[in-house]
Amino acid sequence: MLSGCTTASYYAQSIEGHLALMGAAKPVEQLLADPATPPDLKARLALAQRIRAFAVTDLALPDNASYHRYADLKRRAAVWNVAAAPADSLTLKRWCFPFVGCVGYRGYYDEAAAKALADRLQREEGLEVRVYGIPAYSTLGWLNWMGGDPLLSTFIRYPEGELARMVFHELAHQVVYVDDDTMFNESYATAVERLGGQQWLATHASQAARQEYAAYDQRRRDFRDLSRATRDDLSAVYKQKEALAHDPQALPAMKSEAMARFRQRYAELKARWAAAGTPYDGYDRWVADANNAFFGVQAAYDELVPAFEALFAREGGNWPRFHAAVAQLAKLPKPERLAKLRALEEQAEQTAQSDSVEPKAR
């Protein structure tokens, strides 16, 4: 969000929005000592501080000013991102900013402004758009001298495992960040949040918290698997763009079929969750509005996660070595680091398949 754009008005809303967020933040210790702080908020803040300490001692994440203050934003999201993609591609439109390079979204502190941009992109450029609120963002450690990134009301009451994952994800951005490679950055941070979240739950959470979170996380994994399969379906369709150029109706029809399969599979997922006693409709709106921008955003956050998880395993589950290995990858040219990550993922898949085959009887 410290990224800018080509217009002074965008820079102004970015700077003003972030300064307002920082100005609303108060030290957690002060809030914990204040009798006026609601008991339930005190409990969440104390939990967040334990999670923050765990991030340093057990996950080798930065020990700095971030997440030692809390801000009540009195709104449902920290910022609203706008993502856009062509009707025949999952490649996101990119915006380029100082310091962070080019990314596949543009963020606003005002939801109406985000929707106005989305409407303009759809109307003037014919793009498929997505406006989505995000609960937190990282300043990449550059503003720790100002107090760092604060805990926010937009996520402080998340389930314990999810709160931990949020903190771990955003801190990971302060360890390694590569200009112009959103997929690398977000997949790395997502791998850190998943692996770190599992470690936190296994060693620090109550049995009840682990059980509560298991169902939550399984639904998320199911939905991510479904989204990834649909991305593969759509990518296969779009690869035929040139071959189908003679028939303007063919590609839209194939795309429509892929989207229909996506929604049918989602209905089957919901039925399975209900049968397991964990009914959930939280993805309904996402599925109803799903388009190329939606799938492009999903890819940025989880496409390379299996590769980073394989790298973590290769480094023996040692967090400092893992972060160092990621930092080494970050120094490579983008095609080379992507190739290395794909090779890691492929090798892990082959090993898993080999391990699943029972030895033949002699």
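Here the structure is a predicted model, which is why all the values come from computation and not from measurement.

1. As for the sheet that holds strand 6 (residues 106-108)
Alright, step 1. Sheet architecture is open: 3 strands sit in the order 6-3-7, paired in antiparallel fashion. Of all the strands in the sheet, just strand 6 and strand 7 (128-134) have a single pairing partner and so form its edges. Each strand of the sheet is rotated relative to its neighbour by a mean of 25°, with strand direction disregarded.
Alright, step 2. Alignment of strand 3 (residues 79-85) against strand 7, held across 7 bridges, turns out to be antiparallel. Across the sheet, residue Trp-80 finds its bridge partner in strand 7, namely Gly-133.
Alright, step 3. Along the sheet face, helix 10 (residues 292-302) touches strand 3 and strand 7 and points at about 50° away from the line of strand 7.

2. Examining the sheet that holds strand 1 (residues 25-27)
Backbone-to-backbone hydrogen bonds pair the strands of a sheet. The strands run either parallel or antiparallel.
Alright, step 1. Judged by pairing direction, the sheet is mixed, and its 3 strands sit side by side in the order 1-2-8 without closing on themselves. For this open sheet the edge positions go to strand 1 and strand 8 (151-152), each flanked by a neighbour on one side alone.
Alright, step 2. Sheet topology note: the strand 2 (residues 69-71)/strand 8 ladder contains 2 bridges and is parallel. Each residue of the ladder has a partner; that of Ala-71, found in strand 8, is Leu-152.
Alright, step 3. Packing of helix 1 (residues 8-23) onto the sheet brings it into contact with strand 1, strand 2 and strand 8, and relative to strand 1 it is tilted by some 30°.

3. A look at the confidence of the model for the chain
Alright, step 1. Per-residue pLDDT for the chain has a mean of 91; in total, 95% of the residues score no lower than 70.
Alright, step 2. Overall, residues 1-6 carries pLDDT values under 50, and its contacts beyond four positions in sequence, including any with other chains, amount to 24 contacts.

4. Focus: the state of the cysteines
Alright, step 1. According to the stated counting rule, one finds 1 disulfide in the structure shown.
Alright, step 2. With a sulfur-sulfur separation of 1.8 Å, Cys-96 is cross-linked through a disulfide to Cys-102. Looking down the S-S bond of the Cys-96 and Cys-102 bridge, the torsion is 100°, so its handedness is right-handed.
Alright, step 3. Of the residues examined, Cys-96 reaches a relative accessible area of 48% and is grouped as partly exposed.
Alright, step 4. Residue Cys-102 is classed as buried on the basis of its relative accessible area, which comes to 10%.

5. With respect to the side chain of Gln-174
Alright, step 1. Its place among the elements puts Gln-174 in the loop between helix 5 (160-172) and helix 6 (182-204).
Alright, step 2. Here Gln-174 is in contact with Pro-62, Asn-64, Ser-66, Ser-138, Leu-140, Gly-141, Asn-144 and Asp-149, once residues within four sequence places are set aside.

6. Looking at the pattern of salt bridges
Alright, step 1. All told, the structure shown has 26 salt bridges when counted by the stated rule.
Alright, step 2. With its nearest N and O atoms 3.2 Å apart, the salt bridge here joins Asp-40 to Arg-157. Taken as a pair, Asp-40 in helix 3 (residues 39-57) and Arg-157 in the loop between strand 8 and helix 5 lie far apart in primary sequence, 117 residues in all.
Alright, step 3. Here Asp-233 ties to Arg-265 by a salt bridge, and the two come within 3.3 Å at their closest N and O atoms.

7. Here we look at the packing of aromatic side chains
Alright, step 1. Scanning the model with the defined rule gives 24 aromatic pairs in all.
Alright, step 2. Consider the rings of Tyr-10 and Tyr-108, whose centres lie 5.2 Å apart with planes at 85°: the pair is edge-to-face. Of this pair, Tyr-10 sits in helix 1 while Tyr-108 is found in strand 6, placing the two residues 98 residues apart along the sequence. Both residues of the pair, Tyr-10 and Tyr-108, belong to the buried class.
Alright, step 3. Among the aromatic residues, ring-to-ring pairing joins Phe-223, Phe-262, Tyr-266, Trp-273, Tyr-280, Tyr-283, Trp-286, Phe-294 and Phe-295 into one connected group.
Alright, step 4. Against the face of Trp-286 rests Arg-285, its NZ or CZ located 5.8 Å from the ring centre.

Analysis parameters
Here, residues in each chain are numbered from 1, in the same order as that chain's written sequence. For this predicted model, a pLDDT threshold of at least 70 governs which residues receive local features, and a threshold of 80 or more governs which side-chain atom pairs are given and counted, while totals over whole chains, interfaces and linings are taken from all residues. In computing side-chain properties, one takes all heavy atoms of the structure into account and sets aside hydrogens as well as water. By definition, two strands form a pair when at least two bridges between them are found by DSSP. Starting at the N terminus, helices and strands are each numbered in turn, a helix being any DSSP run of H or I of at least four residues and a strand any DSSP run of E of at least two. Lines fitted to the C-alpha atoms define the axes, with helices restricted to the stretch that makes contact. Angles between their N-to-C directions range from 0 to 180 degrees. Here, residues are in contact when the closest pair of their heavy atoms is within 4.5 Å. Summary of the metric used: pLDDT quantifies the predictor's per-residue confidence within the range 0 to 100. Working definition: a disulfide is two cysteine sulfur atoms within 2.5 Å of each other. We call a residue buried when its accessible area falls under 20% of the maximum for its residue type, exposed when it is over 50%, and partly exposed in between, using a 1.4 Å probe and counting protein chains only. In what follows, salt bridge is the name for a side-chain nitrogen of Lys or Arg lying within 4 Å of a carboxyl oxygen of Asp or Glu. Side-chain rings of Phe, Tyr and Trp (the six-membered ring for Trp) are treated as a pair once their centres are within 6.5 Å; stacked means planes under 30 degrees apart, edge-to-face means over 60, and tilted covers the remaining angles. Lysine and arginine charges are scored as sitting over a ring when NZ or CZ, respectively, is within 6 Å of the ring centre and within 35 degrees of the ring normal.

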